[in-house]
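Working through the structure, step by step
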Amino acid sequence: MSAIPSVIGTRQPNSLLVFAKSSIGRKWIVGGSGALLVLFLLAHLAGNLTIYIGSHGEGINVYAQTLHTSALFLWGARLGLLLVFVVHIGTALSLAVENRRARPVRAAKNAHLQSTVFARTMVLSGLVVLCFVVLHVAQFALGFNGYAQLLDAEGRHDVAAMIIKSFQNPFLSGIYFLALLLLGMHLSHGIQSVFQTFGLNGRKTAEILKRGALVVS
Ligand code: HEM
């Protein structure tokens, strides 16, 4: 009688987990989470633009009040966003460390010739944006800005006045200017990479994609 190898008692590795840990799987995770962060930024931008509604920017006060109506929705969205940030940064850093370890010095030098400055500074720009987000959340979401107690004529939190008065500080405006410039660089390369990761770019669409990414950034 031939001996049949027994699989009873041995655990099969979960194929989804194996894929998620692989290099390409982690690229998908970075791309997918990055795409969600871009969607957040577009929604955040749309919300911030409501400051142009009303003679004193009351639009953004109404918008902020609406956002804060349901604590469940607000905290659900905040925790979801935090999770996406952590997954994006953690996975991107693990890929960057692995790439650096695997790449010989000579190959790295040659790669520099083909890649753009935006691509080469992804880790740096990402880390600067992370520091900016920590500062920004402390300043506007947690209210460490000196103007968080202001109320408008309707008794709402005066978000418009808080933003305008905060940006009258040239030092703070300078920090925002630099951080947003780096964010633009990060997004410009990141958006193009997402399309490449998911195989959605082609030779004909490369130029359109490049310009589109720059415009969105
Ligand atoms: C000049 C541009 C920006 C302005 C005027 C602005 C304004 C604000 C304001 C007023 C809040 C508080 C919302 C509230 O709690 O009611 C906020 C929250 C936040 N912003 Fe921005 N923002 C800007 C750019 C950005 C950028 C570029 C990012 C990300 C890279 C970002 C990420 C966030 C995050 C994560 C929160 C916390 C969301 C929350 O928990 O409520 N913001 N922003």
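Figured I'd write up the structure that's included with this text. (Residues numbered from 1 in each chain as written. Predicted model: local features only at pLDDT ≥ 70, side-chain atom pairs only at ≥ 80, totals over all residues.)

1. What about the overall build of the chain?
- A count of helical and extended segments in the chain gives 10 helices and 0 strands.
- In the chain, the succession of helices and strands from N to C terminus is α-α-α-α-α-α-α-α-α-α.
- For 217 residues, the compact-globule estimate of 2.2 N^0.38 gives 17 Å, and the C-alpha radius of gyration of the chain, at 22 Å, exceeds that figure by more than 25%.
- By principal-axis analysis of the C-alpha atoms, the chain measures approximately 90 × 50 × 30 Å.
- Burial statistics for the chain: of 217 residues in total, 13% are counted as buried.
- Summarising the internal contacts of the chain: among those between residues at least 6 apart in sequence, 67% fall at separations of at least 24. (Helix = DSSP H or I, 4+ residues; strand = E, 2+ residues; numbered from the N terminus. Rg over C-alpha atoms; globule rule 2.2 N^0.38 Å. Buried ≥ 20, exposed ≤ 12 C-beta atoms within 10 Å, placed from the backbone. Contact = placed C-beta atoms within 7 Å.)

2. Concerning the packing of helix 7 (residues 122–141) against helix 9 (residues 170–197)
- Packing of helix 7 against helix 9 brings their axes to within 9 Å, and their N-to-C directions diverge by 135 degrees. With respect to each other, helix 7 and helix 9 are oriented oblique. Relative to helix 9, helix 7 is oriented so that their crossing is left-handed. Contact residues: Met 122, Ser 125, Gly 126, Val 128, Val 129 and Phe 132 in helix 7; Ala 179, Leu 182, Leu 183, Met 185, His 186 and His 189 in helix 9.
- The residue makeup of the contact of helix 7 with helix 9, split by class, is 8 nonpolar, 4 polar and no charged. (Axes fitted to C-alpha atoms, helices over the stretch in contact; angles between N-to-C directions. Parallel < 35°, antiparallel > 145°, perpendicular 65-115°, else oblique. Left-handed = near helix turned anticlockwise from the far one by under 90°. Nonpolar A, V, L, I, M, F, W, Y, C, P; charged D, E, K, R; others polar.)

3. Overview of the site of the ligand
- Taken together, 17 residues sit near the ligand, with Ala 64, Arg 78, Val 137, Phe 140 and Ala 141 positioned nearest.
- Listed by contribution, the elements that provide at least two residues to the shell around the ligand are helix 2 (23–48), helix 3 (58–67), helix 7, helix 8 (159–166) and helix 9.
- Broken down by element, the shell around the ligand gets its largest block of residues, 6 residues, from helix 7.
- The residue inventory of the shell around the ligand, partitioned by class, reads 13 nonpolar, 3 polar and 1 charged. (Near = placed C-beta within 6 Å.)

4. Thoughts on helix 8
- All buried positions along helix 8 are accounted for by Val 159, Ala 160 and Met 162. Considered in projection along helix 8, the buried side chains sweep an arc of 165 degrees and stay on one side of the axis.
- Residues of helix 8 that are buried in the fold lie against helix 3. (Arc of directions from axis to C-beta.)

5. As for the nonpolar core
- Counting 6 residues, the largest nonpolar core consists of Val 129, Leu 183, Leu 187, Ile 191, Val 194 and Ala 213.
- Ranked by residues supplied to this core, first place goes to helix 9 with 4 residues.
- Contact partners of Ala 213, with chain neighbours within four places excluded, come to Ser 188, Ile 191 and Gln 192. (Core = buried A, V, L, I, M, F, W, Y, C linked by C-beta atoms within 7 Å.)

6. What about the environment of His 186?
- Inspection of the secondary structure assignment puts His 186 in helix 9.
- Residues His 186 and Val 123 lie 63 residues apart in sequence; the distance between their C-alpha atoms is 8.7 Å.
- Those residues within four positions of His 186 in sequence are excluded, and the remaining contacts are Met 122, Ser 125, Gly 126 and Val 129.

7. Details of the packing of helix 9 against helix 10 (residues 206–216)
- Interaxial distance between helix 9 and helix 10 falls to 8 Å at its minimum, and their mutual angle equals 135 degrees. What the angle tells us is that helix 9 and helix 10 run oblique. Between helix 9 and helix 10 lies a crossing whose hand is right-handed. Side by side, helix 9 and helix 10 meet where Leu 187, Ser 188, Ile 191, Gln 192 and Phe 195 of the first sit next to Leu 209, Lys 210, Ala 213, Leu 214 and Val 216 of the second.
- Considering only residue class, the contact of helix 9 with helix 10 consists of 7 nonpolar, 2 polar and 1 charged.

8. So, the environment of Arg 203
- For Arg 203, the position within the fold is in the loop between helix 9 and helix 10.
- A count of 6 C-beta atoms within 10 Å places Arg 203 in the exposed class.
- Residues Arg 203 and Arg 11 lie 192 residues apart in sequence; the distance between their C-alpha atoms is 44 Å.

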